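Summary of the model geometry
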Amino acid sequence: MGNINSSMHLGAFLYAVGHHAGGWRYPDNEICSLLDLEYYKKVAEIAEKGKFDLIFFADRLAIPDRFGNNFNASVRYFASFRLDPVVLITAISAVTNRIGLAATASTTYNEPFAVARAFATIDHLSKGRASWNVVTSTNDGEAMNFSREAHLDHSTRYERAQEFLEVVIRLWDSWEDDALVIDRETGVYANPDKVHYVKHKGQFFQVRGPLNVPRSPQGRPVLIQAGSSDRGRDFAARWAEVIFTAQPSLDAAREFYKDINGRMAKYNREPGSVKIMPGVMPIVGETEAEAKRKEALLSDLVHPLAGLSLLSDSMNYDLSVHDLDQPLPELATARGNQSRQKLVSKLAKEEGLTLAQLGKRFGASRSHRILTGTPAQIADSFEEWFEKEACDGFNIMPPYLPGGLNEFVELVVPELQKRGLFRHEYTGSTLRDHLGLQRPEPVIDPK
Ligand SMILES: Cc1cc2nc3c(=O)[nH]c(=O)nc-3n(C[C@H](O)[C@H](O)[C@H](O)COP(=O)(O)O)c2cc1C
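Every value quoted in this text rests on a predicted model; they were computed, and no experiment measured them.

As for the pairing of strand S5 (residues 180-183)
In the case of a regular strand, side chains alternate between the two sheet surfaces. Here 2 bridges tie S5 to strand S6 (residues 188-190), and the two strands are oriented antiparallel to one another. Looking at the pairing, Leu180 lines up with Ala190 of S6. Once S5 ends, the chain turns through 4 residues before running back antiparallel as S6, passing Gly187 with a positive phi of about 75°.

Have a look at this one:
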């Protein structure tokens, strides 16, 4: 806790061809295919050149189709498809050396054994750079791809996630670090006394174990979480080592930071053993005027229905039933992303936005903070948030890719390094080294 002497952490949140729904149309950005490994290799290499802690791929288990109960708006107006992020980081592990590799996997639409095995495998193949963003998923569209009619309610999906994490941790710990022997002389490959059944029987899962992957270089891949509701914050304080969050202002971010670190004690966790990284979309210009011009052009390129399709998806609610020229009506707590709905309702009310206007705004950064300015202006704001304990770093959301990330690495990173706020070189090889996180000892269940 307290960032005066430490260095900030940076994540590259790699989303389609950029986070801004107008980004794929941005004229100065190179057009890349989302179906080509060369694109992902390129953006990963840019982030690694910028000495980022990690790259991160989010995930949704359905094409957005809550708006109007069809996918027309999402398929027509933006890149609505995604390659499997777990497969992507595996491929990228082969073409990078130092950068951390984070991918989303759902606890609602997966089984613990499969998730534990996938991330332990990537941690071995990447020599200790794997990280799992734990999500409970968001909407009915996803549920309908997994033999269900509707998404689990908010509380039940966090209960399931709680048990899911307990089982995954025990599976990752089911091989002790020195279980492998591989002794040709004696013919012993591994020591069975150092491998343990898990024998879990719970409300949602029954898992015998052990995992069929030995303990990985980091001990356990790094756990990320991004829920900001009260339940989400408790879950994060219990399990997360990195927290992603959407925080529109310094005060809101400081409150969140203090609240999470305050909850850690409840779980016997040291404050500071979690890195909080709010999302931010940097729109960089050599001059402030140039940056503002970019922001205005990007906004012109967003179709309101693109943003409303994304917002309906996030809220798990069909906004097309309302008049787009009217303000967002008072809505009961949606069955989707609770914290995001709160943020959006507050923004729409404060600025008196119509639904169409809200669609354009949400399409820009999905209510994450936008920071438009020169490299020095952007570094000033980063420095202020970091030193005022609003965060431990940032999750960078380039408006367009690869160009927006390249501009940040070429223009803003050197400014942060010059101020002593960010590393010049990687000093370790694993993601835990980059983040300054302990390697957890295995918890062996005597059963
Ligand atoms: C930076 C960031 C990345 C996220 N990535 C995903 C994702 O990949 N898939 C997903 O279903 N939800 C994702 N979420 C949503 C969260 O997992 C969570 O559902 C959301 O913040 C709502 O949690 P709450 O209902 O506890 O407030 C992300 C949220 C943030 C802030």
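Right, picking up where we left off after that structure.
Observations regarding empty space enclosed by the protein
If you walk through the whole model with that rule in mind, you get 1 cavity of 30 Å³ or more. The computed volume of the largest cavity comes to approximately 110 Å³. In terms of lining, the largest cavity is formed by 14 residues, of which the most central are Tyr15, Gly18, His20, Ala21 and Phe78. Considered class by class, the residues forming the lining of the largest cavity number 9 nonpolar, 5 polar and no charged.

Digging into the packing of aromatic side chains
What characterises a pair of aromatic rings is the spacing of the ring centres plus the angle enclosed by the ring planes. A complete count under the given rule lists 17 aromatic pairs for this structure. Taking 6.2 Å as the distance between ring centres and 85° as the angle between the ring planes, the aromatic pair formed by Phe13 and Tyr15 counts as edge-to-face. Accessibility assignment for this pair places Phe13 and Tyr15 in one class, buried. Ring centres of Phe52 and Phe408 lie 6.0 Å apart, and the angle between their planes is 70°; on these two criteria the pair is classed as edge-to-face. You can see Phe52 sitting in the loop between helix H1 (37-49) and strand S2 (54-57) and its partner Phe408 sitting in helix H14 (residues 403-418), a full 356 residues away along the chain. Among the aromatic residues, ring-to-ring pairing joins Phe119, Trp132, Phe164, Trp172, Phe204 and Phe205 into one connected group. The ring centre of Trp239 lies 3.8 Å from the NZ or CZ of Arg238, which sits over that ring. Here the basic side chain of Arg366 rests over the ring of Tyr15, its NZ or CZ set 4.1 Å away from the ring centre.

A short note on a nonpolar patch on the surface
On the surface, Leu35, Ile63, Phe71, Val75, Phe81 and Leu83 cluster together into a nonpolar patch covering about 540 Å² of accessible area. Its location among the elements puts Ile63 in the loop between S2 and helix H2 (72-77).

What to know about the site of the ligand
If you check the shell around the ligand, you find 25 residues, and the closest are His154, Tyr158, Ala226, Ser229 and Ser339. At a separation of 3.3 Å, an oxygen atom of the ligand approaches a polar backbone atom of Ser228. If the ligand stood free it would expose 620 Å²; the protein chains cover 95% of that surface. Breaking the shell around the ligand down by element, the ones donating at least two residues are strand S4 (130-135), helix H6 (154-172), strand S10 (242-245) and helix H11 (338-351). Ranked by the residues each element gives to the shell around the ligand, the list is headed by H11, at 3 residues. Considering only residue class, the shell around the ligand consists of 7 nonpolar, 15 polar and 3 charged.

Rules used in this analysis
Residues numbered from 1 in each chain as written. Predicted model: local features only at pLDDT ≥ 70, side-chain atom pairs only at ≥ 80, totals over all residues. Heavy atoms only, no water. Pairing = 2+ DSSP bridges. Helix = DSSP H or I, 4+ residues; strand = E, 2+ residues; numbered from the N terminus. 1 Å grid on protein atoms, 1.4 Å probe; cavity = no way out; pocket = protein on both sides within 12 Å on 5 of 7 lines; lining within 4 Å. Points joined across faces, edges and corners; volume = space filled by probe spheres on them. Nonpolar A, V, L, I, M, F, W, Y, C, P; charged D, E, K, R; others polar. Phe/Tyr/Trp six-rings, centres within 6.5 Å; stacked < 30°, edge-to-face > 60°. Buried < 20%, exposed > 50% of the residue type's maximum accessible area, 1.4 Å probe, protein only. Lys NZ or Arg CZ within 6 Å of the ring centre and 35° of its normal. Patch = residues over 30% accessible without salt bridge, like charges linked within 9 Å, V, L, I, M, F, W, Y side chains within 5 Å. Areas by Shrake-Rupley, 256 points an atom, 1.4 Å probe, with all protein chains shown as cover. Salt bridge = Lys/Arg side-chain N within 4 Å of Asp/Glu carboxyl O. Near = heavy atom within 4 Å. Polar contact = N/O pair within 3.5 Å; in protein donor to acceptor, adjacent residues only side chain to side chain.

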